[in-house]
Amino acid sequence: MEEFYQRFVSNFIEDNRYMYLVRGLITTLVITFFAVMIGALLGFIIAIIRSTYSKTGKLRVLNFLCNIYITVIRGTPVVVQLLIIYFVIFGSVNINKIFVAVLAFGLNSGAYVSEIVRSGIMSVDEGQFEAGRSLGFNYNQTMRLIILPQAIKNILPALGNEFIVLLKETSVCGFIALEDLTKAGDIIRGRTYDAFMPLIAVALIYLTLVIIFTKLVNYLERRLRNSDH
Amino acid sequence: MKLKKVMAVVLAGVMMASLAGCSTKSNVKINVIADLKGTTVGVQTGTTGDILVTDDKELGVKTVEHYNKGFEAVQSLIQGKIDAVVIDDQPAKVFVEKNKGLKIIDEEYTSEDYAIGIAKGNTELKDKINAAIAQIKEDGTLQGIIDYYIGNVEGSSPYVKKDVERPNGTLVMATNAEFPPYESIEGNSVVGLDVDMAQAIADILGMDLKVEDMAFDSIIANITTGKSDIGVAGLTDTEDRRQSIDFSDSYYTGRQVIIVKE
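Residues numbered from 1 in each chain as written. Chains lettered and ligands numbered in written order. Predicted model: local features only at pLDDT ≥ 70, side-chain atom pairs only at ≥ 80, totals over all residues. Heavy atoms only, no water.

1. Comments concerning the overall build of chain A
What counts here: Only DSSP runs of H or I with at least four residues qualify as helices, and only runs of E with at least two residues qualify as strands; both kinds are numbered from the N terminus onward. Burial here depends on accessible area, computed with a 1.4 Å probe over protein chains only, as a share of the maximum for the residue type. Under 20% is buried, over 50% is exposed, and the range in between is partly exposed.
Helix and strand counts for chain A stand at nine helices and zero strands. Traced from its N-terminal end to its C-terminal end, chain A shows the element sequence α-α-α-α-α-α-α-α-α. In terms of its C-alpha atoms, chain A occupies a principal-axis envelope of roughly 75 × 50 × 25 Å. For chain A, the proportion of its 229 residues judged to be buried stands at 49%.

This is the structure:
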């Protein structure tokens, strides 16, 4: 017990090492938040383009570009994309690393979200579409007022899943020397040479975040389901 | 539509904020160690360079950036993302040789004793290794290896594995093969000063040598958990590390140097 306490002190208290974790946590949250924003926005736009193409045959060129984007993003690991953005695309500029990470994870998440949203749109019965059109709505109105609200309700669990994955995926930020939560644990580990304490602490923080997030998604789901009855 | 508009506004805000955060390429001229005040310095996580720069308040470094690999820190330096890199002198020489426009500051930062890391309390192995180190120092084997890898002495050659009986099992060595000339990957195997020296020691102990390449900051955890018998990776013998592992006698004295742009 005495030894455990000693290790706790040297890993977190000495030299204010817990501040690494606090700063890392903030970085992780900031990156995840903005990446989710970009991912959701991109995902919705791409899903609408792709399902419009498959329903009406319009937007051929955009659909083609979206397909390339999805193929490339889903076909390469996110850490490679992160390194490419940092060391190749922004190779010669001294760029804010948080921005690089937000861009990389946002672009990455967009590809996955788009397929989730598209599955939601496709899952809404074709009859809903016809009903909308026969009420006098045009294609855009039908999409916005009838299809998307139903689609969102269907895809909420899958979206929640995607955001949880994204939160944990940001742990590869350390590759571009960004001090996110995982890297913070590594820095402490590099100073104290103790594997147990920093790793368990980092794991517990991620776990707590995911639990809180899951609760939020569940709450949202319940609220949306109220309209079912 | 409202949701989209809100998101568009938020996004635009993020972009602006992020762009504002991008400073222009730094043009700091660094010629002596004292010039490091207020600069951004890159290090490899967990190395002595990292610990020195982070703890050295007199140095007055503004930010320390922790890279997974030494060469990534050097790459960032080349791209102007950071102002300097603190690293061991021998890898530094290799990096500077291979990249135009870099130089090593002509001032020694600190010197340090490299030693082999061994699990705490394993005095039996430690004594054996110390005896072997003494022997290769005595008979000139170690100097021969140093001559080849560091001195680039003409006519020197890498250590050749001896044809001896190996009845005493396997000696598992943890290393981080990104530190030429101490260790780097050539073809499919890890080569370098540390590997040759470990082979010479294994030959004396009558053991097989197995080299395991891993992240530098995992080496000590590997020794403490018994996954590896020894850690040989230009490991500096420090008081902090002695809390977790034991060290053999020193086999080489290296230096920490600072790489900057010309």
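2. Some thoughts on the interface of chain B and chain A
Interface size is often expressed as the accessible area that is lost when the parts come together. Heads up, the rule is: Working rule for contacts: check all heavy atoms of both residues, and any pair within 4.5 Å makes them a contact. Simply put, the buried area is the total loss of 1.4 Å probe accessible area from both parts when two parts are fitted together. Salt bridge, as applied in this entry: a Lys or Arg side-chain nitrogen positioned within 4 Å of an Asp or Glu carboxyl oxygen. Under this definition, polar contacts are N or O atom pairs within 3.5 Å; protein pairs additionally need one hydrogen-donor-capable and one acceptor-capable atom, and for neighbouring residues in sequence, both atoms have to be side-chain atoms. Each residue receives one of three labels: charged for Asp, Glu, Lys and Arg, nonpolar for Ala, Val, Leu, Ile, Met, Phe, Trp, Tyr, Cys and Pro, and polar for the others, Gly being one of them.
Counting from both sides, the interface comprises 36 residues of chain B and, opposite them, 32 residues of chain A. Where chain B abuts chain A, roughly 3100 Å² becomes buried across the two surfaces, and 59% of that area is made up of carbon and sulfur atoms. Where chain B touches chain A, the interface holds two salt bridges. For the pair chain B and chain A, the number of links is ten residue pairs in polar contact (both at pLDDT 80 or more). Counting only elements with at least two residues in the side of chain B that touches chain A, the list comes to helix 1 (2-21), helix 2 (48-55), strand 2 (63-67), helix 3 (70-78), helix 8 (219-224) and helix 9 (239-242) of chain B. Looking at the side of chain B that touches chain A element by element, the count peaks at seven residues for helix 1 of chain B. Broken down by class, the residue content of the side of chain B that touches chain A amounts to twelve nonpolar, 15 polar and nine charged.

3. Notes on the packing of helix 4 (residues 78-89) of chain A against helix 5 (residues 97-123) of chain A
All names here are of chain A. Rules: What counts as an axis is a line fitted to C-alpha atoms, over the stretch in contact for a helix, and the angles between N-to-C directions run from 0 to 180 degrees. Note that the term roughly parallel is reserved for angles under 35 degrees, roughly antiparallel for angles over 145, roughly perpendicular for angles of 65 to 115, and oblique for everything else. Handedness of each helix crossing follows the sense of rotation of the near helix against the far helix: counterclockwise by less than a right angle gives left-handed, clockwise gives right-handed.
Two elements in contact, helix 4 and helix 5, have axes separated by 9 Å at closest approach and are oriented at 135°. What the angle tells us is that helix 4 and helix 5 run oblique. Here the hand of the crossing between helix 4 and helix 5 comes out right-handed. Of helix 5, the residues touching helix 4 (which contributes Val78, Gln81, Leu82, Ile85 and Tyr86) are Lys97, Val100, Ala101, Leu103, Ala104, Phe105, Leu107 and Asn108. Here the contact of helix 4 with helix 5 is built from residues that sort into ten nonpolar, two polar and one charged.

4. Quick word on the pattern of salt bridges
Overall, the coordinates contain 17 salt bridges over all chains when judged by the stated rule. For Arg166(B), the salt bridge identified is with Asp203(B), shortest N-O distance 2.8 Å. Here the residue Arg166(B) occupies a position in the loop between helix 6 (141-151) and strand 6 (170-175), and Asp203(B) occupies one in helix 7 (residues 193-205), the gap between them amounting to 37 residues. Taken individually, Arg166(B) and Asp203(B) each receive the classification buried, so the pair is uniform in this respect. Salt bridges sharing partners connect three or more residues here, namely Glu14(A), Asp15(A) and Arg17(A).

5. Considering helix 6 of chain B
Residue and element names in this part refer to chain B. Note the cut-off: The directions considered for the arc are those from the helix axis to the C-beta atoms.
Inspection of helix 6 places Thr141, Leu142, Ile145, Ile146, Tyr149 and Ile150 among the buried residues, and these make up the whole buried set. Along helix 6, the residues classed as buried sweep out an arc of 130° about the axis, all on the same side. In this structure, the buried side of helix 6 is in contact with helix 4 (89-98), helix 5 (123-138), helix 7 and strand 12 (245-261).

6. What about the confidence of the model for chain B?
Residues and elements named next belong to chain B. Applied cut-off: Confidence of the prediction at every residue is given by pLDDT, a number between 0 and 100.
Of the residues in chain B, 89% have a pLDDT of 70 or more, and the chain-wide mean is 88. Every residue in residues 20-25 scores below 50 in pLDDT, and together they form nine contacts with partners more than four places removed in sequence or on other chains. Predicted complex, confidence summary: ipTM 0.76, pTM 0.80.

7. A look at the sheet that holds strand 8 (residues 183-186) of chain B
All names here are of chain B. In plain terms, the rule: Each pair of strands is called paired provided DSSP finds at least two bridges between the two strands.
Strand order in this open sheet of three strands is 7-8-9, and the pairing throughout is antiparallel. A single partner strand is all that each edge strand has here, and the edge strands are strand 7 (178-179) and strand 9 (189-191). The sheet contact formed by strand 8 and strand 9 spans three bridges and is antiparallel. Across the sheet, Ile185 pairs through a bridge with Val190, a residue of strand 9.

8. Focus: the side chain of Ser76(B)
Secondary-structure assignment places Ser76(B) in helix 3. Classification of Ser76(B) by relative accessible area gives buried; the value is 0%. Excluding anything up to four places from it in sequence, Ser76(B) contacts Tyr86(A), Phe87(A), Tyr67(B), Lys81(B) and Ile82(B).

9. Quick word on the domain arrangement of chain B
Residues and elements named next belong to chain B. As a reminder of what qualifies: Note that the domain bounds were set by an automatic or database domain assignment.
In terms of domain boundaries, chain B breaks down into domain 1 (33-111) and domain 2 (113-254). On a C-alpha basis, the centres of domain 1 and domain 2 stand 25 Å from each other. Taken residue by residue, the interface counts 14 residues in domain 1 and 17 residues in domain 2. Summing both sides of the interface, domain 1 and domain 2 together bury roughly 1300 Å²; the carbon and sulfur share of this comes to 59%. Counting the contacts that link domain 1 with domain 2 gives zero salt bridges. The interface formed by domain 1 and domain 2 contains three residue pairs in polar contact (both at pLDDT 80 or more). Here the side of domain 1 that touches domain 2 takes four residues from helix 4, the largest share from any one element. The class makeup of the residues in the side of domain 1 that touches domain 2 is three nonpolar, eight polar and three charged.

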